Amino acid sequence: MKLALRNRPDRRHILVLEDAYHGRTITTMAASWPHTGDPFAAVQSQFVRVPHPNPYRPRLGMSPEQEGELCLELLEATITRGVAGGVAAVMMEPIQGNGGHIEFPQNYYEGVRELCDRHDILLIWDEVQTGFGRTGEMFAADHYGVTPDIIIFGKGIGGGFPLAGILASERLDGFLVGDDQLTFGQFPPSLAAGLATVQAIEDDGLCARATEHGAHATRRLLEMAERHPLIGDVRCPGLMVGIELVTDRATKVPATEELQEVLLLAEERGVLFGESRYGSLGNFLKVKPPLDISTELLDRALDVLDEALTIVEMRR
Ligand SMILES: Cc1ncc(COP(=O)(O)O)c(C=O)c1O
């Protein structure tokens, strides 16, 4: 955000998507979904949030592509008529992680890029969850064939060490000396871990493995969906896998209590699944193993999920 504003100093806004999650600093909290009872509002900036498509829960029964078009129109209306002072950047997660693994239709990815180009606005992709092999490509930007101006990364790159960073287009002016200095900004062991992680992703073909294992997990989950009415939707790509739980497939009522029961039963059996807690409906279960997981371990985790779903459904 600092880099974007440094490069568009005459603009006042960074637009973000509804249900976004960008972190927990005072400013990234404000850029995320609206926190209820947020005690920091007094010193926070206000971000304008724009609607985005949700292929499983589209507006007005639209197709994902129609909803993509609608959301592009709304984004353009916000840029041209919705804010005073001009837009410096649009910031989005390519797949909303904590919002519930929401992948957008391809026309939306391409359309946002086109809109940004047309209005001379920078496009920031927050790839903290999707970057470094998770979707089966090094970046989601490769997966969707869209080149943002700035990519934010973290998590996977450190292989467990604390490390985050940004990639920026060479067309942008960089920071001035002292502009972006942090006490732990360049911790050498983390940087070494980052280099080793990239090497391992390349040497061990972990992007291709994420694609293969992701396809395997998705196949198994789709097969489970035939037996488990709790599974409303199965989402990928790569190892960004997960399921949305619903109490009724027709009405898509979020199965939030059931999700907690499934998570607990799995934990008791030694498997930790993630959940999308922030910004989402609280019914999304994440299957996000390390990229180098063996097929046997992945199958064991999915067997446990199968068993947990069976138990929870029997209790109902
Ligand atoms: C998409 C996304 N962006 C940003 C962040 C925040 O990263 P950090 O906790 O390193 O500030 C997270 C953390 O979960 C995230 O999922």
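Whatever comes next refers back to the structure up there.
Residues numbered from 1 in each chain as written. Predicted model: local features only at pLDDT ≥ 70, side-chain atom pairs only at ≥ 80, totals over all residues. Heavy atoms only, no water.

Asker: What am I meant to see in the packing of aromatic side chains here?
Answerer: For any pair of aromatic rings, the description rests on two quantities: the centre-to-centre distance and the angle between the ring planes. Taken as a whole and judged by the stated rule, the model has seven aromatic pairs. Plain terms: the ring middles of Tyr 109 and Tyr 144 are 4.0 Å apart, the flat faces sit at 15 degrees to each other, and that makes the pair stacked. Here the residue Tyr 109 occupies a position in helix H4 (residues 106-118), and Tyr 144 occupies one in helix H5 (residues 140-144), the gap between them amounting to 35 residues. Assigned by exposure class, Tyr 109 and Tyr 144 land together as buried. Ring plane angle 80 degrees and centroid distance 5.3 Å describe the contact between Phe 132 and Phe 153, whose orientation is recorded as edge-to-face. Here the residue Phe 132 occupies a position in the loop between strand S6 (122-126) and H5, and Phe 153 occupies one in strand S7 (residues 150-153), the gap between them amounting to 21 residues. Taking relative accessible area as the criterion, Phe 153 reaches 13% and is therefore assigned buried. Directly above the ring of Tyr 56 sits Lys 252, whose terminal nitrogen or CZ lies 4.2 Å from the centroid. (Phe/Tyr/Trp six-rings, centres within 6.5 Å; stacked < 30°, edge-to-face > 60°. Helix = DSSP H or I, 4+ residues; strand = E, 2+ residues; numbered from the N terminus. Buried < 20%, exposed > 50% of the residue type's maximum accessible area, 1.4 Å probe, protein only. Lys NZ or Arg CZ within 6 Å of the ring centre and 35° of its normal.)

Asker: Any chance you could explain a nonpolar patch on the surface here in plain terms?
Answerer: A surface patch of nonpolar side chains, about 260 Å² in accessible area, is lined by Ile 26, Phe 40 and Val 43. Locating Ile 26 in the fold gives a position in helix H2 (residues 26-31). (Patch = residues over 30% accessible without salt bridge, like charges linked within 9 Å, V, L, I, M, F, W, Y side chains within 5 Å. Areas by Shrake-Rupley, 256 points an atom, 1.4 Å probe, with all protein chains shown as cover. Salt bridge = Lys/Arg side-chain N within 4 Å of Asp/Glu carboxyl O.)

Asker: I keep staring at the sheet that holds strand S3 (residues 87-92) and nothing clicks. Help me out?
Answerer: Sheet strands line up and pair through hydrogen bonds in the backbone, either parallel or antiparallel. Here six strands make up an open sheet; going across it, the order is S2-S1-S3-S6-S7-S8 and the pairing mixed. Since the sheet does not close on itself, it has two edges, and those belong to strand S2 (49-50) and strand S8 (165-168), each with one partner. Relative to S8, S7 runs antiparallel, the two sharing four bridges. What sits directly across from Phe 153, in S8, is Gly 165. Of the strands in this sheet, strand S1 (13-17), S2 and S3 are in contact with helix H3 (residues 64-82), which crosses S1 at around 160 degrees. (Pairing = 2+ DSSP bridges. Contact = heavy atoms within 4.5 Å. Axes fitted to C-alpha atoms, helices over the stretch in contact; angles between N-to-C directions.)

Asker: How do you make sense of the site of the ligand when you look at a structure like this?
Answerer: Neighbouring the ligand are the residues Tyr 21, His 22, Gly 23, Glu 93, Asp 126, Val 128, Gln 129 and Lys 155. A distance of 2.8 Å separates an oxygen atom of the ligand from a polar atom in the side chain of Lys 155. Summarising the interface, the protein chains cover 66% of the accessible area of the ligand, which totals 390 Å² for the free molecule. Of the residues belonging to the shell around the ligand, the class tally is two nonpolar, three polar and three charged. (Near = heavy atom within 4 Å. Polar contact = N/O pair within 3.5 Å; in protein donor to acceptor, adjacent residues only side chain to side chain. Nonpolar A, V, L, I, M, F, W, Y, C, P; charged D, E, K, R; others polar.)

Asker: How should I be thinking about the nonpolar core in this particular structure?
Answerer: Counting 40 residues, the largest nonpolar core has Met 92, Val 112 and Trp 125 as the members making the most contacts within it. In terms of residue count, H4 provides more of this core than any other element does, five residues in total. The residues contacting Met 92, other than those within four sequence positions of it, are Leu 17, His 22, Phe 104, Tyr 108, Tyr 109, Val 112, Leu 123, Ile 124, Trp 125 and Asp 126. Leu 259, Val 262, Ala 308 and Leu 309 belong to the second-largest nonpolar core, a separate cluster that totals 29 residues. (Core = buried A, V, L, I, M, F, W, Y, C linked by side-chain atoms within 4.5 Å.)

Asker: Explanation requested: H3 in the structure shown.
Answerer: Helical geometry note: an α-helix holds 3.6 residues per turn, so side chains three or four residues apart project in the same direction. Of the residues making up H3, those classed as buried are Glu 67, Gly 68, Cys 71, Leu 72, Leu 75, Thr 78 and Ile 79. Along the axis of H3, the buried positions cluster into a sector of 145 degrees, meaning they face one direction only. For H3, the exposed residues lying more than 90 degrees away from the buried face are Glu 73 and Arg 81. On the buried face of H3, the contacting elements are S1, S2, S3 and H4. (Arc of directions from axis to C-beta.)

Asker: Whenever I open this one, helix H9 (residues 295-315) confuses me. Can you help?
Answerer: Under the 1.5 Å per step criterion, the end-to-end length of H9 is 30 Å for 21 residues, consistent within 8% with the ideal 30 Å. Where H9 is concerned, the buried positions are Leu 298, Ala 301, Leu 302, Val 304, Leu 305, Asp 306, Ala 308, Leu 309 and Val 312. Packing partners of the buried residues in H9 comprise helix H7 (206-227), strand S9 (231-235), strand S10 (241-248), helix H8 (256-268) and strand S13 (284-287). (Expected span 1.5 Å × (residues − 1).)

Asker: Quick question: what am I supposed to make of the pattern of salt bridges here?
Answerer: If the charged atoms of two oppositely charged side chains come close together, the side chains can form a pair. Scanning all chains against the criterion turns up 24 salt bridges. Across the pair Arg 11 and Asp 10 runs a salt bridge whose closest N-O atoms are separated by 3.9 Å. Classification of Asp 10 as exposed rests on a relative accessible area of 60%. Each member of the salt-bridge network shares a partner with another, and the members are Arg 8, Asp 10, Arg 11 and Asp 120.

Asker: Any chance you could explain the side chain of Gln 44 here in plain terms?
Answerer: For Gln 44, the location among the structural elements is in the loop between H2 and S2. Among the residues examined, Gln 44 registers a relative accessible area of 12% and is labelled buried. Reaching out from Gln 44, the side chain makes a polar contact with the side chain of Asp 38 at a distance of 3.5 Å. Non-local contacts of Gln 44, meaning those with residues more than four positions away in its chain, are made with Ile 26, Met 29, Ala 30 and Asp 38.

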